[in-house]
Amino acid sequence: MRFENMHFITGQYDRLEKLHHVERDVFVSLGYGQFQSDNIKSLGIEAYFDTIVISEREGLIVKWLQH
C-alpha cells in the first residue's frame, strides 16, 4: 500500500532536521508493524531517527489497537 498523499505539517521536516543534529532521536509508533513502517517510509522520516520502535514488533500491542 502506498501513501502518496501523506505529508507532514509545513515546517516539520526542518524541525526534524535541526533536532536530528542536536540529540539522539527515538521514534515510538503505536500500531501494527508493516502499516506503521509504510507510514514512516511514506513520510520519509526514517533517516531523522537513530531508533524506530513499532509497538507490534516489540510485542507491545495497546489494548485499544486490538479492536
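Residues numbered from 1 in each chain as written. Predicted model: local features only at pLDDT ≥ 70, side-chain atom pairs only at ≥ 80, totals over all residues. Heavy atoms only, no water.

Quick one: what's the story with the overall build of the protein, residue by residue and with numbers?
In terms of regular secondary structure, the protein is built from two helices and two strands. Going residue by residue from the N terminus, the α and β elements of the protein occur as α-β-α-β. Across the 67 residues that make up the protein, the buried fraction comes to 27%. The contacts in the protein between residues at least 6 apart in sequence include a share of 67% that link residues at least 24 apart. (Helix = DSSP H or I, 4+ residues; strand = E, 2+ residues; numbered from the N terminus. Buried < 20%, exposed > 50% of the residue type's maximum accessible area, 1.4 Å probe, protein only. Contact = heavy atoms within 4.5 Å.)

If you had to explain the pairing of strand β1 (residues 26-29) to someone new, which residues and values would you point to?
Where β1 lies against strand β2 (residues 51-54), four bridges are found, and the strand directions are parallel. The residue of β2 that forms the bridge with F27 is I52. A crossover links β1 with its parallel partner β2, the connecting element being helix α2 (residues 33-43), and its sense is right-handed. (Pairing = 2+ DSSP bridges. Right-handed = clockwise from strand over helix to strand, strands pointing away.)

Please provide a residue-by-residue account of a nonpolar patch on the surface, values included.
Together, V26, V28 and L30 give the surface a local cluster of nonpolar side chains, amounting to about 290 Å² of exposed area. Along the chain, V28 turns up in strand β1. For V28, a relative accessible area of 56% puts it in the exposed group. (Patch = residues over 30% accessible without salt bridge, like charges linked within 9 Å, V, L, I, M, F, W, Y side chains within 5 Å. Areas by Shrake-Rupley, 256 points an atom, 1.4 Å probe, with all protein chains shown as cover. Salt bridge = Lys/Arg side-chain N within 4 Å of Asp/Glu carboxyl O.)

Just give me the short version of the confidence of the model for the protein, but keep the residues and values in it.
Predicted confidence across the protein gives a mean pLDDT of 77, with 76% of residues reaching 70 or more. Mean pLDDT values over the elements of the protein span from 77, in helix α1 (residues 12-22), up to 90, in β2. (pLDDT = per-residue confidence, 0-100.)

Give a description of the environment of H20 that names residues and reports values.
The topology assignment puts H20 in helix α1. Sequence spacing of H20 and F49 is 29 residues, and the spatial spacing of their C-alpha atoms is 6.9 Å. The residues touching H20, leaving out its near neighbours within four places in the chain, are D25, A47, Y48, F49 and D50.

Describe α2, and please don't skip the residues or the numbers.
Along α2, the positions that sit buried rather than exposed are G33, Q36, S37, D38, N39, I40 and L43. Packed against the buried residues of α2 are α1, β1 and β2. Just beyond α2, the residue with positive phi is G44, at close to 70 degrees.

Please give an account of the side chain of S55 that cites residues and values.
With respect to the element layout, S55 can be found in the segment after β2. Engagement of the side chain of S55 in a polar contact is seen with the backbone nitrogen of G31, the distance being 2.9 Å. (Polar contact = N/O pair within 3.5 Å; in protein donor to acceptor, adjacent residues only side chain to side chain.)

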